[in-house]
Amino acid sequence: KAAFEPLRLLLLGASGAVGSRVLGMALADPRVGQVVAPTRRPLPSHPKLLAPVIDFTELPADAAWWAADAVVCALGTTMRAAGSSEAFAFVDRDLPIQCARLARQAGATRLALNSSLGASVGGNFYLRTKAQAEAGIRQLDYPSLTIVRPSLIDVDRTEIRPGERV
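Residues numbered from 1 in each chain as written. Predicted model: local features only at pLDDT ≥ 70, side-chain atom pairs only at ≥ 80, totals over all residues. Heavy atoms only, no water.

Overview of the overall build of the protein
When you go through the protein residue by residue, the secondary structure sums to five helices and six strands. For the protein, the sequential pattern of α-helices and β-strands runs β-α-β-β-β-α-α-β-α-β-α. When burial is assessed residue by residue, the protein has 39% of its 166 residues classed as buried. Contacts in the protein between residues at least 24 apart in sequence constitute 61% of all its contacts with a sequence separation of at least 6. Put simply, the protein shows about 9,400 Å² of open surface, and 54% of that area lies on carbon and sulfur atoms. (Helix = DSSP H or I, 4+ residues; strand = E, 2+ residues; numbered from the N terminus. Buried < 20%, exposed > 50% of the residue type's maximum accessible area, 1.4 Å probe, protein only. Contact = heavy atoms within 4.5 Å. Areas by Shrake-Rupley, 256 points an atom, 1.4 Å probe, with all protein chains shown as cover.)

Some remarks on the side chain of Ser-116
As for its position among the elements, Ser-116 is in the loop between β5 (110–114) and α4 (125–138). The class for Ser-116 is buried, based on a relative accessible area of 8%. When neighbours within four sequence positions are excluded, Ser-116 is seen to be in contact with Tyr-126, Leu-127, Lys-130, Val-148, Arg-149 and Pro-150.

Points about the sheet that holds strand β1 (residues 7–12)
A sheet is described by the order of its strands in space; here six strands give the open sequence β3-β2-β1-β4-β5-β6, paired in parallel fashion. Edge positions in the sheet fall to β3 (49–50) and β6 (144–148), since each of these pairs with one other strand and no more. (Pairing = 2+ DSSP bridges.)

Topic: the nonpolar core
Ranked by size, the top nonpolar core spans 25 residues in total, and within it Leu-10, Leu-59, Trp-66, Val-71 and Tyr-142 carry the most contacts. Secondary structure elements with two or more residues in this core: β1, β4 (70–73), α3 (85–105) and β5. Broken down by element, the residue count for this core peaks at six residues, all from α3. If we skip the residues at most four places from it in the chain, Leu-10 touches Val-36, Pro-38, Trp-65, Trp-66, Ala-68, Ala-70, Val-71, Val-72 and Ala-103. (Core = buried A, V, L, I, M, F, W, Y, C linked by side-chain atoms within 4.5 Å.)

Structural data, given as structure tokens:
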């Protein structure tokens, strides 16, 4: 008999650079009993993975899979991929707050947010958006909240990012 109850982890952004790494680690971790990873596109199947394909513009507020012990939010995009500042803010600020709220209402007590080094209300648009996401999630009163502020994320990418190359 296990000395602990396996965690049910809600992973947001599982198909991205950071989220895909978290997904691999979570699926390999014996402390994690199930990973729930809602995505826009199907993920490869795994016995511990529940990966509903959803439309993030209309989050299913009543979905049972919001109920998780812990949440890792690695949602994010680029201005180029988003196409506008409004679309960027939706993915990097609004979605993380909405998803964190739904998970908190469903009983999640722990959340880790992947933000950005320099996130600040006085920063440029990108850094302000990240700071606003952090502030919105802080207001949800998670008993355990971890905000990670990495600098450049060193991963192999399919798209070219000149700023990261420099």
